[in-house]
There are 2 protein chains.
Amino acid sequence: MKSNKIIKKLFLFAGFFGLMAASAVAQFQQNPIISPELHENGSVTFRIMAPAADSVKINGNWMQGWGSAVHLSKNDDGLWETTFEDLTPDYYNYTLNVNGVRTIDPSNPWVIRDVRNVFSAFILPGEESEFVQLSEGENGTVHEVWYPSPTLDMEQRRMRVYLPPNYNESDESYPVLYLLHGGGGDENAWTELGLANRIMDNLIHSDEAEPMIVVMTNGNPNQESTWHVAPGHDPVHESDSQNPMATERFEDSLVNDVIPFIESNYRAKTGKENRAVTGLSMGGWQTQKLSLKHPDVFDYYGVMSMGIIRESQFAMNAQTHLELTNQNIDALKDSGYKLYWIACGTNDFLFDSVNFMREVLDGHDFDYVYRETGGGHTWDRWRLYLSEFAPMLFK
Amino acid sequence: MKSNKIIKKLFLFAGFFGLMAASAVAQFQQNPIISPELHENGSVTFRIMAPAADSVKINGNWMQGWGSAVHLSKNDDGLWETTFEDLTPDYYNYTLNVNGVRTIDPSNPWVIRDVRNVFSAFILPGEESEFVQLSEGENGTVHEVWYPSPTLDMEQRRMRVYLPPNYNESDESYPVLYLLHGGGGDENAWTELGLANRIMDNLIHSDEAEPMIVVMTNGNPNQESTWHVAPGHDPVHESDSQNPMATERFEDSLVNDVIPFIESNYRAKTGKENRAVTGLSMGGWQTQKLSLKHPDVFDYYGVMSMGIIRESQFAMNAQTHLELTNQNIDALKDSGYKLYWIACGTNDFLFDSVNFMREVLDGHDFDYVYRETGGGHTWDRWRLYLSEFAPMLFK
C-alpha cells in the first residue's frame, strides 16, 4: 500500500516535471521503483526492475565482505526485491550485480565514490546514526578552496575546509584539526564518505567538541585535486617512488603550505596547542611521520587503522619507518604533546601493525591512549573514531 | 597496446593499494577496463565487461534524444565496446543499458546527478570545451553555506556561493550574480551539471567577465537542501499548490533572506546596479517574476529557455502570468534596468513560449536582447548561455 502510494506520487511527479526535463521523464516512467525503501520498523527493502536478468545480487557494506552477496527474488513483472530486517542504524553503501555486471541502484540518486568505485548510499535513521544525520542546529560551512603549494611545485591544490557554526557571525578565532584520508582517497573523502562536517556539527551542537576549523587536504603529493576535477594527475598511475606512502612530500607541504594558508586566510588560532592532526590508514602513517619529523607543529595526534609494519609493503619501507621512530621519538616526547591517540579494529588487516607499534612505543615509555574496537578497515570505524577523537581536542 | 598498458598499470595499482582498501581490490581485479577512453584523435571508446548479457546499449547526451541508443559489440571475452568518432569537445554524460537495466559505466568514477537520475560523465578536451575545463590560473572558491530563511519558515537552507579568484587576498567588494536552476534541480545543479565555477574562473581569467560573486540557491521553497542532505523535504512529493512554479515564495525569500545574508556575510557590493539574476526553465520563470514583482532589486536579468506559456501547464497559470506581465511591466520599464536578456534554442520544447513572450514584450515596447541558438532544453545550452550572459554584467 505504502509503496503503491509512493509510486503513484512519482507518476504524478513524472507528469508534472516531465516536459520540463524531457530526459528525466522517460526514465521516471520506466522506473517508478522505490529503492531503498526504509520501513518504520527499521527494515530496508531494495528493488530493481530487470525482467531479462537471470540473477540479481546485492553487495552491502553491512555484510561480511563483498563476497557474501545476497540474491534478490524476482516477481512475475520482472521486479527483483529483497529485504534486510536487522541492520544497525548507520550510513550504508551498496551495489547491485545484475547477471554479473556491477551497478548502482538505478532508483537511488544518492551516489558516493570510494577510490575509483561508485556505490549507492543511504542512512538508516536511529540512535546509532544520529551523529551522521543533518543537525537541526545551525550548520557549519564547507569551502572548496584552492591554495598554492610551492613545496609540491604546484600553483594550486584543492582542499575542503569546514568552518564551525556561527563562524561568520562571531569574530572569534578557532583551533584547527587537519583530517587526512587513506590510500587512493582524496580531499572529498572525509565529507563524502566520512560525513565529517555533519559529525562536527553534531559534536559542537551538543557541546561534546570545541568549535574548530577542520581542514581536509589531498594527501597525494602528485595530485592537484580529486582526479576528475584535475585530470591527468591520477595517483593510480604513480610509480612506487612517487607514492604518497613512500615520500614525505605531502607531510612537508602540509606544514609549509597548508598551515600558513589556513592561518592567514581564516580566523585560526596559531601555535601547536591549537593544532591537531589525524588520519586513517595512509593518513595514519602520514600522522606518525608528522609527529616524528615535525614535533613542534601539533599537540594532538590521532592514528587510525595504522601502526608500524613489520615487513615492507605498500611502498612503505618497514626498516626506515622503524628507524625514524627510534631516532625521533625522544624529540616527540620532549615536545610536550598533549594527546597521542591510536585506534584500530580487531578485524583490521593492519591490526597487527598496531600491535607492533604499541610494542615499539612501549619500549620507549611513550605515552599514548589506545582505543581498540571491533570491526575492520572501513569508513564506519573512521566516522566513529572522528566522533571520539574530536571531543578530546583543545580542552 | 595503449589500452593493455593502462590495464597493466591498473593491475599494479590493485596490488599496490589492494590490501589498503580490501573492498576496492576485488573490484579492480574483476574490472580493469578503461572506459571512457579518450583517444588523441578525439574519438571516444566505451567498454563494459558483461559476458552474460545479450544486449548492451549506450545512451549519450550527444545523441538525438535518449531513445536513439547505440548498441555495443561483444568480443569473445564478454567485453562490450563501441567507439564514437566525431564528437564535439564538450562536457558529456551517458548511461549504459545492459539487458534492459539502466546503469552507469562501472569503470568511470565520475558520476553526476540530474534531478533524480544518475549519469556517468566526462569532458572531451578541445577548443569548444575549454570554457568548462579547470583553469590554469588561480581558481575561485565554492562555499556550501547554510543561511536562515524566515520567509520560508526554515531555520536553515543550503546554497553554494562562488567567490572569484583573489577574493581572499584582496579587500575589494564584488557585484553578485544570482544563478537559478530548473524544475527538479537544486543548489548543486549549477556546479555539478553547469560547471558554473569553472566557467566563471575562465571568463574572469581571460578578462571577459568582471570578477563577481555567484550565488546558487535552492529554488524549491519546501526544500532545505538537495534531497539527500536534508531528506524528508523532497520536491518530488509536493502538491501543485506548493510547487515552486505555482508560488512566489522562493522569489520572496531570495529578496528578503538570501540577498541580505550575502551582503552581510560577504564583501558584496550593494544596490541594484550590482545585482544580476538569471535562471533556466523554472529559474527563467522565477527570473521573470523577480523582474515584475521586485523591479528595484536587480539591473540585469537573464531568462534562459523559458517564456510566457500560452496555456496553463506545469503548475503555472498562463492567465495569471500574462496578467502579471501586463500589469507590472511599466514598473519594470521605469526601473532603469540595464539588461534584459532572453536566450533559447530553436529545438527547445519551450521555444514557442519564448516567441509568445517576445510578442507580449514587443507589445509593450519593452527593451530586451534576444539570443537564439540551436539546440534544446539541455545543460550544454545553459552552460553556453552563462558564458555569454556573465560577460555582459556590471560593465
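What comes next concerns the included structure. (Residues numbered from 1 in each chain as written. Chains lettered and ligands numbered in written order. Predicted model: local features only at pLDDT ≥ 70, side-chain atom pairs only at ≥ 80, totals over all residues. Heavy atoms only, no water.)

**Points about the sheet that holds strand 2 (residues 44–49) of chain B**
All names here are of chain B. Taken in spatial order, the 4 strands of this open sheet run 1-2-6-5, and their pairing is antiparallel. For this open sheet the edge positions go to strand 1 (37–38) and strand 5 (73–74), each flanked by a neighbour on one side alone. Note: strand 1 against strand 2, 2 bridges, orientation antiparallel. Counted as the bridge partner of Glu37 is Thr45 from strand 2. (Pairing = 2+ DSSP bridges. Helix = DSSP H or I, 4+ residues; strand = E, 2+ residues; numbered from the N terminus.)

**Here we look at the pairing of strand 7 (residues 91–98) of chain A**
All names here are of chain A. When you tally the buried positions in strand 7, you get 8 out of 8 residues, the bulk of the element. Both faces of strand 7 are covered, namely the face carrying Tyr91, Asn93, Thr95 and Asn97 and the face carrying Tyr92, Tyr94, Leu96 and Val98. Here strand 3 (residues 56–60) runs beside strand 7; their pairing, made up of 5 bridges, is antiparallel. Bridge pairing in strand 7 links Gly60 to Tyr94. Two elements, strand 7 and strand 10 (residues 117–123), share 4 bridges in a ladder whose sense is antiparallel. Bridge pairing in strand 10 links Asn93 to Ala121. Note: strand 7 against strand 8 (residues 101–103), 3 bridges, orientation antiparallel. Each residue of the ladder has a partner; that of Val98, found in strand 8, is Val101. Linkage of strand 7 to strand 8, two consecutive antiparallel strands, is achieved through a turn of 2 residues, within which Asn99 is found at a positive phi near 50°. (Buried < 20%, exposed > 50% of the residue type's maximum accessible area, 1.4 Å probe, protein only.)

**Quick word on the sheet that holds strand 2 (residues 44–49) of chain A**
Reading across the sheet, the 4 strands line up as 1-2-6-5 (chain A) and stay open at both edges, with antiparallel pairing between neighbours. Looking at the sheet topology across the chains shown, the edges are occupied by strand 1 (37–38) and strand 5 (73–74) of chain A.

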